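# Chain and residue survey
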Amino acid sequence: LRQKNIRENLYSRITHSFDKILKKILLNKIQKFDIQNIKACDLVLTNSYFSKENILSAYGVESKVVHLGGDIFNVDGKIKKPTKINQVLSLGSVNSIKGYEFIINSISLIKEEFRPELLIIGNSVDKLFLEKIKNLSKSKNVRLEIKINISDLDLKNAFLESSIFAYASFLEPLGLAPLEAMSFGLPVVAIKEGGLRETVIDGYNGFLVDRSPEHFSKKITDLIVDKSLYEKMSCNCKNHVRDYWNWDLAYNRLIKAIG
């Protein structure tokens, strides 16, 4: 078994190294075509003001922001109220860009009597990084479960049973996962970077904090301990998605932008 683990680890390291080289080659080609394409456009649309600023900085091209819409899963109240557990959910590719190490370190600072479990759901995985965060969670005494490529029904159930959504991605252009979480009434604790500043309203449907484990853990603890605060924010989350982040309004925003 030990030899098998050594072989698998060696294989992962070799494939990871080749993957990095090939990605760099591919990225150079993509950047070349990317510049050609954007220079040929009469109109450039983007999903956030943060992305608009990046486009202007990278290409010197003005763009128009069209905030997206999304499927609204649970804002009508027709689904039976689920039994929540003390679980923080985070969603996205399992790699270092998504800030999972930061989330684990933050949760480890919460007193054991309140400390929640952490569920990470990913659609792709960096195997070396996966082992890294598993080891980190063990060393920090954080209960961690990781699920990869689960069904839509299982994803929905994960949202229903979780209490809080944590998001620590580095410079996320917009972040649809937090909006999806809000549609289920999950308050979001997120890093105050990128497009998250356009989806999470600090103190209303969640908290935006600097990249400080102490601050992040404090806001998670506040939501666990203060039931009144939690219920208020949960309601605000559903209203926020219903009143702005829906397909009908997104369509109207698109028509206005191209009109």
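Shown above is the structure to which this text applies.
Residues numbered from 1 in each chain as written. Predicted model: local features only at pLDDT ≥ 70, side-chain atom pairs only at ≥ 80, totals over all residues. Heavy atoms only, no water.

Counted according to the given criterion, the structure contains 5 aromatic pairs. Ring centres of Phe102 and Phe216 lie 5.1 Å apart, and the angle between their planes is 75°; on these two criteria the pair is classed as edge-to-face. Taken together, the residues Phe102 in helix α3 (residues 100-108) and Phe216 in helix α8 (residues 213-225) connect sequence positions 114 residues apart. We note that Phe102, like Phe216, is buried. A connected cluster of aromatic rings, assembled from ring pairs, spans Phe159, Phe165, Tyr167 and Phe184. Stacked on the ring of Phe102, the Lys or Arg Arg211 has its end atom at 5.6 Å from the ring centre. It is Arg211 that lies over the ring of Phe170; its NZ or CZ is 3.8 Å from the centre. (Phe/Tyr/Trp six-rings, centres within 6.5 Å; stacked < 30°, edge-to-face > 60°. Helix = DSSP H or I, 4+ residues; strand = E, 2+ residues; numbered from the N terminus. Buried < 20%, exposed > 50% of the residue type's maximum accessible area, 1.4 Å probe, protein only. Lys NZ or Arg CZ within 6 Å of the ring centre and 35° of its normal.)

Next up on the list: the pattern of salt bridges. Throughout the structure, instances matching the rule amount to 10 salt bridges. Ionic pairing is found between Arg211 and Glu193, a salt bridge with its closest N-O pair at 3.1 Å. With Arg211 in the loop between β8 (206-209) and α8 and Glu193 in the loop between β7 (188-191) and α7 (196-199), this residue pair connects regions lying 18 residues apart in the sequence. Close ionic contact of Arg242 with Asp243 constitutes a salt bridge, the shortest N to O distance being 2.9 Å. (Salt bridge = Lys/Arg side-chain N within 4 Å of Asp/Glu carboxyl O.)

Looking now at the sheet that holds β7. Strand order in the open sheet formed by 6 strands is β5-β4-β3-β6-β7-β8, with parallel pairing between adjacent strands. Looking at strand neighbours, the two that pair on one side only are β5 (144-148) and β8, the edges of this open sheet. Each strand of the sheet is rotated relative to its neighbour by a mean of 20°, with strand direction disregarded. Where strand β3 (residues 87-91) lies against strand β6 (residues 164-167), 2 bridges are found, and the strand directions are parallel. The residue of β6 that forms the bridge with Val88 is Ile164. Relative to the sheet, α3 contacts β3, β4 (117-122), β5, β6 and β7, its axis offset from that of β4 by approximately 170°. (Pairing = 2+ DSSP bridges. Axes fitted to C-alpha atoms, helices over the stretch in contact; angles between N-to-C directions. Contact = heavy atoms within 4.5 Å.)

Right, let's talk about the packing of α8 against helix α9 (residues 227-243) for a bit. At a minimum axis separation of 5 Å, α8 and α9 run at an interaxial angle of 100°. As the angle between them shows, α8 and α9 are arranged roughly perpendicular. Side by side, α8 and α9 meet where Asp222, Leu223, Ile224 and Val225 of the first sit next to Lys227, Leu229, Tyr230 and Met233 of the second. In the contact of α8 with α9, the residues fall into 6 nonpolar, no polar and 2 charged. (Parallel < 35°, antiparallel > 145°, perpendicular 65-115°, else oblique. Nonpolar A, V, L, I, M, F, W, Y, C, P; charged D, E, K, R; others polar.)

Counting 28 residues, the largest nonpolar core has Ile103, Leu118, Ile164, Phe216 and Ile220 as the members making the most contacts within it. Looking at this core, the elements that each hand over two or more residues are α3, β4, α4 (127-139), β6, β7, β8, α8 and α9. The biggest single contributor to this core is α3, with 5 residues. Contact partners of Ile103, with chain neighbours within four places excluded, come to Ser90, Leu118, Ala166, Tyr167, Ala168 and Phe216. Judged by nonpolar contacts, the second largest core, of 25 residues, contains Ala158, Ala177, Val200 and Trp245. (Core = buried A, V, L, I, M, F, W, Y, C linked by side-chain atoms within 4.5 Å.)

With that settled, the discussion passes to helix α5 (residues 152-161). The α-helix advances 3.6 residues per turn, and as a result positions three or four apart in sequence lie on the same side. Turning to α5, its buried residues number three or more, namely Leu155, Ala158, Phe159 and Leu160. Residues of α5 that are buried sit in contact with β3, β4, β6 and α6 (176-183).

The next point concerns the pairing of β4. Of all 6 residues in β4, 5 are buried; the element is thus mostly enclosed. In this structure, β3 lies alongside β4, joined through 5 bridges in parallel fashion. Note on β4: the bridge partner recorded for Ser90 is Ile120. Handedness of the β-α-β unit built from β3, α3 and β4 comes out right-handed. The pairing of β4 with β5 spans 5 bridges and is classified as parallel. By the bridge assignment for β5, Gly122 is matched with Ile148. In the classification by handedness, the crossover that spans β4, the intervening α4 and the parallel β5 is right-handed. (Right-handed = clockwise from strand over helix to strand, strands pointing away.)

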